[in-house]
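# Breakdown of the fold
As a plain string of letters, each chain reads:
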Amino acid sequence: MTNSSALISTIKKLETESLPLEVPAQQRATLLKEVDRYTDTFLNTLPQQKAYNKEGYERTEADDAFEINGDQIQLDDLIQLLQERVDNTGLNPASGGHLGYIPAGGIYTSALADYIAAVTNRYSGVFYASPGAVRIENVLIRWIGKLIGYSENFGGNITSGGSLANLISIAAARTAFKLKGVDIKSSVIYICQQAHHSILKALKLTGLDECIIRVIDLDPFYRMDLQILRKQIERDRAEGLRPFILFANAGSTDVGAVDPLEEMGTIAKEYQLWFHVDAAYGGFFLMTEEGRKKMKGINQADSVILDPHKGLFLPYGSGMVMVKNVQHLFEANNFDANYMQDSVGENFEYSPAQLSPELSRHFRGLRMWLPLKLHGPKPFAACLDEKILLARYFYEKVKKIGFQTGPEPDLSIVIFWYELTEGNANEYNKNIITKIQHDGRVFISSTLIKEKFLMRFAALSFRTHLKQVDLLLSLLEESVQK
Ligand SMILES: *Cc1c(COP(=O)(O)O)cnc(C)c1O
């Protein structure tokens, strides 16, 4: 008895100590106001903020404040730390001046949805735990399936990003082909040099990097050369090898090139390859007429990935994998566990846990669904059309001020460089980038293709408009006049 009362008093004591974790209503209002004040100031001052800030790379004493050391710090102090040592350093993906890599989004209504999802903390991993959350995610998957042009039996998963989506696709392909260890060395993967490195990473993670990997050359438009592809497949078959996966880009990260998907789909069917389309960058252009034209044939893909945190302007943390035959996704990922026995229900909807490696997870659907419902899909499509036209505008203008360019942009990326009659052109172009990054108002990145240093213009931020493009053009013009 005494033992039990000691136990109870210890429990009560711990309960009291843990009380701060349940924030009382009045304090919630104060905290929220402080957060709101900070995010509001952040958004209101965005036009004056740099797109790139060289600060923050050197560790300073101020960074010591990041350490978890038992101290309790006030929210306003923490916000100040974030403002100075996080939000004021490196790249600013929220800025419309971000025209490098693949620009990011961060629409406000998505952040609000994240807030709701975090507070209510629905368990979106299995249907049994939250039929509503899973239903919302499945609605989104069906919507994307329609966008791709899948007819039925397709399935998908909302992932944390494109890299995970590529990984899940590749695992599904392996399952579909019933590939065993002994088959790996004679299975052939066809990919082009412009494939995103996350695919190679996924091959490594799945052990499929031991397949024979054929890197197919590009045509002058930086798309996979299909004549070379066909010949290579024929040769491999003649040698008794087993063609396995064909990778295509629907908007390569480097130059934005869309591979000839229609023809590649035909080839994949003819030679019984798994056809994967990496549309992480380009996928949401399917919401536009121009995009649908460019990506005609994408519906033939066995798997497609898209990144809502790119083309749908969501904050980081949203990718999607779509598989034409959901069975492959299910077989690759589904596991039964005894403690999940209650989760088998009658109103069957696929659960994210059955179609992906994850179990407990963020209710990711809400951050995508709420903005689409609140704004309707129209402004998203308009914003994407605007980006296509901004790229065309930039493409014409940059030529006029003396730069060389790659092919006309398929979507919203333009590669360009300054040609020199004598001297080191790569150094010269690198200098231009350095100057622009130093200025910081806009940010562009570069790439290297066949040893040539190329600058990239990439429009995908919903905050990028004519104003930022004109600013970049004027900086470029200045840089070559000097
Ligand atoms: C961004 C990108 C990826 C990787 O996606 P993450 O969301 O960064 O993991 C894969 N493929 C292409 C073409 C991309 O642009």
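Everything here concerns the structure above.
It should be emphasised that the depicted structure is a prediction, and the values quoted were computed from it without experimental measurement.

With that out of the way, let us pick up the sheet that holds strand β4 (residues 187–192). Sheet architecture is open: 7 strands sit in the order β3-β9-β8-β7-β6-β4-β5, paired in mixed fashion. Pairing within the sheet leaves two strands with one partner each, and these edge strands are β3 (155–159) and β5 (212–216). Each neighbouring strand pair of the sheet contributes to a mean axis angle of 15°, computed without reference to strand direction. Bridge analysis of β4 against strand β6 (residues 242–249) gives 4 bridges, and the strand direction is parallel. Looking across to β6, one finds that Tyr190 is bridged to Leu246. Packing of helix α8 (residues 197–205) onto the sheet brings it into contact with β4, β5, β6 and β7 (274–279), and relative to β4 it is tilted by some 160°.

Another point: empty space enclosed by the protein. Following the criterion strictly, the structure yields 3 cavities of 30 Å³ or more and no others. Roughly 90 Å³ of internal volume is contained in the largest cavity. Forming the walls of the largest cavity are Phe221, Arg223, Val255, Gly256, Ala257, Pro407, Glu408, Pro409, Asp410, Ile413, Val414 and Ile415. For the lining of the largest cavity, the per-class residue count stands at 8 nonpolar, 1 polar and 3 charged. Taken as a whole, the second largest cavity spans an internal volume of roughly 40 Å³. Residue lining of the second largest cavity: Glu137, Asn138, Ile141, Gly156, Asn157, Ile158, Tyr350, Ser351, Pro352 and Leu355, and that is the complete set. Every element with two or more residues in the lining of the second largest cavity is listed here: α5 (131–148) and β3. In terms of residue class, the lining of the second largest cavity is built from 5 nonpolar, 4 polar and 1 charged.

Quick look at the packing of aromatic side chains now. For the coordinates displayed, the defined rule picks out 13 aromatic pairs. On the basis of an interplanar angle of 40° and a centroid distance of 5.2 Å, the ring pair of Tyr52 and Phe443 is categorised as tilted. In this pair, Tyr52 is assigned in strand β1 (residues 52–53) and Phe443 in the loop between α16 (425–439) and β12 (445–449), connecting sequence segments 391 residues apart. Overall, Tyr52 belongs to the buried group, its relative accessible area being 15%. Taken together, a centroid distance of 6.0 Å and an interplanar angle of 70° make the contact between Tyr281 and Phe285 edge-to-face. An identical accessibility class is assigned to Tyr281 and Phe285; each is buried. Grouping aromatic residues by their ring pairs yields a cluster made of Phe394, Phe403, Phe416, Tyr418, Tyr428 and Phe457.

Turning to helix α9 (residues 226–238), a few remarks are in order. With 13 residues, α9 should cover 18 Å at 1.5 Å per step; its first-to-last C-alpha distance of 18 Å lies within 8% of that length. Turning to α9, its buried residues number three or more, namely Leu226, Leu229, Gln232, Ile233 and Asp236. Taken down its axis, α9 places every buried residue within 120° of arc, on the same side. Facing away from the buried side of α9 by over 90 degrees, the exposed positions are Gln227, Lys231 and Ala238. Buried residues in α9 make contact with β4, β5, β6 and α10 (261–270). The backbone nitrogen of Gln227 has a side-chain oxygen 3.1 Å away, supplied by the residue at the start of α9, namely Asp225. Gly240, located one to two residues past α9, shows a positive phi value of around 80°.

Now for the side chain of Thr109. Turning to its location among the elements, Thr109 is positioned in helix α4 (residues 108–120). Those residues within four positions of Thr109 in sequence are excluded, and the remaining contacts are Leu370, Pro371, Leu374 and His375.

One can find Ala202 in helix α8. On the basis of relative accessibility, which here comes to 1%, the residue Ala202 falls in the buried class. Placed 157 residues apart in sequence, Ala202 and Leu359 show a C-alpha to C-alpha distance of 20 Å. Those residues in contact with Ala202 that lie beyond four places of it in its chain are Asn166, Leu167 and Ile170.

Empty space within the largest pocket amounts to approximately 1100 Å³. Lining the largest pocket are 36 residues, and of these Tyr38, Thr39, Phe42, Leu43 and Ala111 lie nearest its centre. Of all the elements in the fold, those that place two or more residues in the lining of the largest pocket are α2 (25–44), β1, β2 (90–91) and α4. Among the elements that line the lining of the largest pocket, the one with the most residues is α2, at 8 residues.

Before going further, it helps to spend a moment on the site of the ligand. Neighbouring residues of the ligand: 15 residues in total, closest Gly162, Ser163, Asp278, Asp307 and Lys310. Between the ligand and Asp278 there is a distance of 2.7 Å, counted from a nitrogen atom to a side-chain nitrogen or oxygen. Out of a free accessible area of 380 Å², the ligand has 86% covered by protein chains. Taken together, the elements giving at least two residues each to the shell around the ligand come down to α6 (162–176) and α12 (308–311). For the shell around the ligand, the class distribution of residues is 3 nonpolar, 9 polar and 3 charged.

On to the sheet that holds strand β10 (residues 404–405). Reading across the sheet, the 4 strands line up as β10-β11-β13-β12 and stay open at both edges, with antiparallel pairing between neighbours. Two strands in the sheet have a free side with no partner beyond their single neighbour: β10 and β12. With 5 bridges joining them, β12 and strand β13 (residues 452–458) adopt antiparallel strand pairing. Its bridge partner lying in β13, Thr447 is registered against Leu454.

Here we come to the nonpolar core. Val277 and Val304 are the most contacted members of the largest nonpolar core, which totals 72 residues. Of the residues forming this core, the biggest block, 6 residues, is contributed by α5. In this structure, Val277 is in contact with Ala248, Ala250, Leu261, Ile298, Ala301, Ser303, Val304 and Ile305, ignoring residues within four places of it in sequence. With 29 residues, the next largest nonpolar core counts Ala202, Cys211, Phe247 and Ala280 among its residues.

Cut-offs used in this document
Residues numbered from 1 in each chain as written. Predicted model: local features only at pLDDT ≥ 70, side-chain atom pairs only at ≥ 80, totals over all residues. Heavy atoms only, no water. Pairing = 2+ DSSP bridges. Helix = DSSP H or I, 4+ residues; strand = E, 2+ residues; numbered from the N terminus. Axes fitted to C-alpha atoms, helices over the stretch in contact; angles between N-to-C directions. Contact = heavy atoms within 4.5 Å. 1 Å grid on protein atoms, 1.4 Å probe; cavity = no way out; pocket = protein on both sides within 12 Å on 5 of 7 lines; lining within 4 Å. Points joined across faces, edges and corners; volume = space filled by probe spheres on them. Nonpolar A, V, L, I, M, F, W, Y, C, P; charged D, E, K, R; others polar. Phe/Tyr/Trp six-rings, centres within 6.5 Å; stacked < 30°, edge-to-face > 60°. Buried < 20%, exposed > 50% of the residue type's maximum accessible area, 1.4 Å probe, protein only. Expected span 1.5 Å × (residues − 1). Arc of directions from axis to C-beta. Polar contact = N/O pair within 3.5 Å; in protein donor to acceptor, adjacent residues only side chain to side chain. Near = heavy atom within 4 Å. Areas by Shrake-Rupley, 256 points an atom, 1.4 Å probe, with all protein chains shown as cover. Core = buried A, V, L, I, M, F, W, Y, C linked by side-chain atoms within 4.5 Å.

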